[in-house]
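Descriptive analysis of the structure
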Amino acid sequence: MCFSATASFVSAAGLAAIGMAIQIRLKKQGDKSISSQAIAILPLIFGFHQLIEGFVWLGLTGTIDDNFVLFLGYLYVFIAFTFWPIYIPFAIITFNQCTPKIWLVSLQVLGLLVGGYLFYVYVFYDPVEVFLACGFYSGCHGIIYSVKDPLFSGYMKYPYLIAVTIPFFLCSNTRVCYILGPAILLSFPLGLFLSEAATFPSVWCFIAALLSGLVFFVLRSESEGQGIKKLGRRW
């Protein structure tokens with residue numbers, strides 16, 4: 001599989017369209033609650049993330065200024081490494097509309113620790129380096145966001161994975177729990193299969209971005225015959 005500026009821009013446009021369709025659906029349902037928006041805006045954020053990477057591609061291929069590329073690289077890394085592990089647990093806690101249980105609170109703390117630590121690494125310890133992954137036969141097929149972890153040397157991806165996937169399984173909405181959660185979780189091994197170690201963050205974000213479009217199907221109203229079912233468990 002080959003990734004490019006075109007792939008990033010097309011996915012960004014598609015996710016923007018899905019995000020707007022979700023907003024129109026919620027408006028028709030009369031749902032203006034912040035709790036619904038916590039999940040509803042995921043495709044829009046992922047779309048913005050892919051838009052950033054599209055411009056990074058253009059910069060690395062000489063279309064736009066190098067200094068702007070560095071700024072975009074840091075913005076991309078901030079969303080990927082810091083924003084997501086903090087936001088996902090928060091979004092599920094907000095969406096559940098109930099007193100957060102111990103497991104979700106623990107995952108929120110984990111997300112804050114992971115996101116905060118990685119922020120320290122790429123801002124204060126070692127600057128981010130952004131460059132193309134190119135092969136003699138395959139050409140340039142990915143982007144490498146080089147962040148050198150001084151303590152965990154790659155193992156940080158596991159607590160990161162826990163923080164950005166497990167909260168979905170603790171959601172009181174059955175479709176988020178049984179559709180969106182497994183899809184995002186399975187994107188991790190799929191990303192490993194389709195990428196090299198250096199390009200994994202970019203590939204995984206691309207796959208997860210496409211899967212975020214499932215939000216359109218999990219936020220359906222009762223009037224469409226698919227009422228939002230709540231799980232009766234307590235975490």
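Scroll up a little and you will see the structure.
Reading guide: rules and limits
Residues numbered from 1 in each chain as written. Predicted model: local features only at pLDDT ≥ 70, side-chain atom pairs only at ≥ 80, totals over all residues. Heavy atoms only, no water. Helix = DSSP H or I, 4+ residues; strand = E, 2+ residues; numbered from the N terminus. Buried < 20%, exposed > 50% of the residue type's maximum accessible area, 1.4 Å probe, protein only. Polar contact = N/O pair within 3.5 Å; in protein donor to acceptor, adjacent residues only side chain to side chain. Contact = heavy atoms within 4.5 Å. Salt bridge = Lys/Arg side-chain N within 4 Å of Asp/Glu carboxyl O. 1 Å grid on protein atoms, 1.4 Å probe; cavity = no way out; pocket = protein on both sides within 12 Å on 5 of 7 lines; lining within 4 Å. Points joined across faces, edges and corners; volume = space filled by probe spheres on them. Nonpolar A, V, L, I, M, F, W, Y, C, P; charged D, E, K, R; others polar. Phe/Tyr/Trp six-rings, centres within 6.5 Å; stacked < 30°, edge-to-face > 60°.

1. Focus: the side chain of Thr82
As for its placement among the helices and strands, Thr82 is situated in helix H4 (residues 66-96). By relative accessible area, Thr82 is classed as buried at 6%. A polar atom in the side chain of Thr82 sits 3.1 Å from the backbone oxygen of Gly115. Not counting the four nearest positions on each side in its chain, Thr82 is found in contact with Val77, Gly115, Leu118, Phe119 and Tyr122.

2. Re the pattern of salt bridges
Per the stated rule, a full pass over the model turns up one salt bridge. Between Glu129 and Lys148 there is a salt bridge, with the nearest N and O atoms lying 4.0 Å from each other. One end of the pair, Glu129, is in strand E1 (residues 129-135); the other, Lys148, is in the loop between strand E2 (139-146) and helix H6 (157-169), with 19 residues separating them in the sequence. On the basis of relative accessibility, which here comes to 38%, the residue Glu129 falls in the partly exposed class.

3. Observations regarding empty space enclosed by the protein
Scanning the entire structure with this criterion turns up two cavities of 30 Å³ or more. Of the volumes computed, that of the largest cavity is approximately 170 Å³. The set of elements that each furnish at least two residues to the lining of the largest cavity consists of helix H3 (42-60), H4, H6, helix H7 (174-194) and helix H8 (200-211).

4. With respect to the layout of surface pockets
A volume near 610 Å³ is recorded for the largest pocket. Lining the largest pocket we find 22 residues, and of these Phe81, Val147, Gly154, Lys157 and Pro201 sit closest to its centre. Secondary structure elements with two or more residues in the lining of the largest pocket: H4, helix H5 (102-125), E2, H6 and H8. For the lining of the largest pocket, the element with the highest residue contribution is H8, accounting for four residues. Here the lining of the largest pocket is built from residues that sort into 16 nonpolar, three polar and three charged.

5. Quick look at the packing of aromatic side chains
Centre-to-centre distance and the angle between the planes together describe a pair of aromatic rings. Enumeration according to the criterion identifies 18 aromatic pairs in this entry. For the pair Phe78 and Phe119, a centre-to-centre distance of 6.4 Å together with 80° between the ring planes defines the contact as edge-to-face. Note that Phe78 is positioned in helix H4 and Phe119 in helix H5, a separation of 41 residues in sequence. Relative accessible area serves as the criterion here: at 31%, Phe119 is assigned to the partly exposed category. Aromatic pair Phe200 and Trp204: ring centres 5.4 Å apart, planes at 20°, arrangement stacked. You can see Phe200 and its partner Trp204 sitting in helix H8, four residues apart, about one turn around the helix. The exposure class of Phe200 is buried, given its relative accessible area of 7%.

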